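A structural walkthrough
In case you want the letters, here they are:
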Amino acid sequence: MAEAGIENGNDEAVASKPKGLKPENNFPERYIILGIGVGLFLVLLGTGILLFGKNQVASSLTICVGFGLVLAAFGAKIAGSWAGWSVTGAGAMTVLLFIVLQQYTPVDEPELMKGEIGGDFSRVAEIRIIDEEPMYIYRDTQVRRIKFLGVGKSLKSTRIRMQVDTTEKEAGKEFFELTGDTETIRGAFSQGKPVQWKFDYKARQVKDGSVVILSELDGIDPVRSADLDIPRAGIPVVGNWWSLNAFAQEPLPGGDPDRIRAALEGLRAEDTYVRRNSRDLLASAGESAVPILMAALRGSEEDYRIKLGVIYALAEMLRSDPKQAPAISAQLQAEDFPFLVRAAADQDRTIRYQAAEFLYMLQDRRAVQPSIDAAKEATDEGVANNQILILRQSGSYLPSSQKDDIVRQLNDPSGNLNKTFKDPSSLNRILKW
């Protein structure tokens, strides 16, 4: 009896010992834990996708699948109905939950920037408005206006450009570029209504009422150009400029000299579109194309189309990626800089601006002496200021003694035609050395 009592006591002890709960599907416990872990991870992942403003469909689907895995791992029996349909089981409930979420989740419609530009387009072959993303343009040939459409919530670039190819054949009139400050243009779109601008072909301006929002530049703006500083000696880039993403052109391989030369020949074409496409292709060729481009410029400096195309391509290379400056400098020879500096003093505003901006971004000290000579010979104040700003960047890493010598040369009245430099304090303000 005693032994029986002991046995009965052991049986009760065993019976009272807690046992692990077994799921109805008899899966091993480790699979249950794994299912719950994966499910919770998917729920968190889907929530993260939603919080970071990514695809709402992907977020909803990820959360629902994770939720269904957790339910299935616990062996839960769930059922529900919606819109006359009934479902049973964790998987079916996941599908239903996803459908419900998609039904009631508001869809973010892409915001559009709409506008139209009126004016005299009789001598305009093509207009392009360039942000980091392209704006789509429709030209109504029956009336004097074009309509444009930008997709996105805001403008991406620091500056917006409008490129105008014309039907005129005279040098300096075939192509020009208008530039506008993004903040000013963004203000025009802030009302949420299509903008209506006026294009003045003769003045080369676009106005919003009385406000000039796009105009042809011929000189570097030292304030705005601060965004163009190139990383040298550990100095970071301050801002991003527009990229070549706006052009739906297949990049031209820089290692294919035959295609580069064909594109250079295309710059001389009578067809406006061929010339435009050739400029874009050369801009996409990269630094390895620079020697061929400069050879073409040195051999045809008086050819307006070659000069415009080469200078534009060089400037666009650095706009697309300012970090290319050292690689491009390595491809340039000392004999190239007098040609580039002369282009920065060209009579054509577009060429002058493109060349000055290129040299400003390049920051190559080999431009220093040609720029000193050009500045001293300049009779136009805008041209002189361009050269001083090029000097500021190109000579920024020179020793102090050389900088002092540059200032003395510019202040020497015997060899200086420009009255701007008679005041040493104004010169020092521009140089900022």
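Residues numbered from 1 in each chain as written. Predicted model: local features only at pLDDT ≥ 70, side-chain atom pairs only at ≥ 80, totals over all residues. Heavy atoms only, no water.

In this section: the environment of Asp412. Tracing the sequence through the fold places Asp412 in the loop between α15 (400–411) and α16 (424–431). Residue classification places Asp412 among the partly exposed positions, given a relative accessible area of 31%. (Helix = DSSP H or I, 4+ residues; strand = E, 2+ residues; numbered from the N terminus. Buried < 20%, exposed > 50% of the residue type's maximum accessible area, 1.4 Å probe, protein only.)

This paragraph deals with the packing of aromatic side chains. Here the structure, examined in full by the defined rule, presents 7 aromatic pairs. Judged by centre distance (6.0 Å) and plane angle (80°), the rings of Phe175 and Tyr312 are edge-to-face. Taken together, the residues Phe175 in strand β8 (residues 175–181) and Tyr312 in helix α9 (residues 304–320) connect sequence positions 137 residues apart. Like Phe175, the residue Tyr312 is buried in the burial classification. An angle of 70° between the planes, with centres 5.9 Å apart, marks the rings of Phe176 and Tyr201 as edge-to-face. With a gap of 25 residues between them, Phe176 in strand β8 and Tyr201 in the loop between β9 (195–200) and β10 (205–208) connect regions that are remote in the sequence. Exposure class is identical for Phe176 and Tyr201. Each is buried. Aromatic ring contacts, followed pair by pair, group Phe121, Phe176, Phe199 and Tyr201 into a single cluster. One Lys or Arg, Arg279, reaches over the ring of Tyr312 and ends 5.9 Å from the middle of that ring. In this structure, Arg342 is placed above the aromatic ring of Phe339, and the distance from its NZ or CZ to the ring centre is 4.8 Å. (Phe/Tyr/Trp six-rings, centres within 6.5 Å; stacked < 30°, edge-to-face > 60°. Lys NZ or Arg CZ within 6 Å of the ring centre and 35° of its normal.)

Counted according to the given criterion, the structure contains 27 salt bridges. Note that Glu270 and Lys169 form a salt bridge whose closest N and O atoms lie 3.7 Å from each other. Separated by 101 residues along the polypeptide, Glu270 in the loop between α6 (257–266) and α7 (272–283) and Lys169 in the loop between β7 (159–166) and β8 bring together distant segments of the chain. You can call Lys169 partly exposed: its relative accessible area is 47%. Ionic pairing is found between Glu174 and Arg275, a salt bridge with its closest N-O pair at 3.8 Å. (Salt bridge = Lys/Arg side-chain N within 4 Å of Asp/Glu carboxyl O.)

Looking now at empty space enclosed by the protein. With the rule as written, the count across this model stands at 3 cavities of 30 Å³ or more. Lining the largest cavity, in full, are Asp165, Glu174, Phe175, Leu267, Arg275, Arg279, Arg305, Leu308 and Gly309. Residue assignment for the lining of the largest cavity shows that the elements contributing at least two residues are α7 and α9. Examining the composition of the lining of the largest cavity, we find that 3 residues originate from one element, α9, more than from any other. (1 Å grid on protein atoms, 1.4 Å probe; cavity = no way out; pocket = protein on both sides within 12 Å on 5 of 7 lines; lining within 4 Å. Points joined across faces, edges and corners; volume = space filled by probe spheres on them.)

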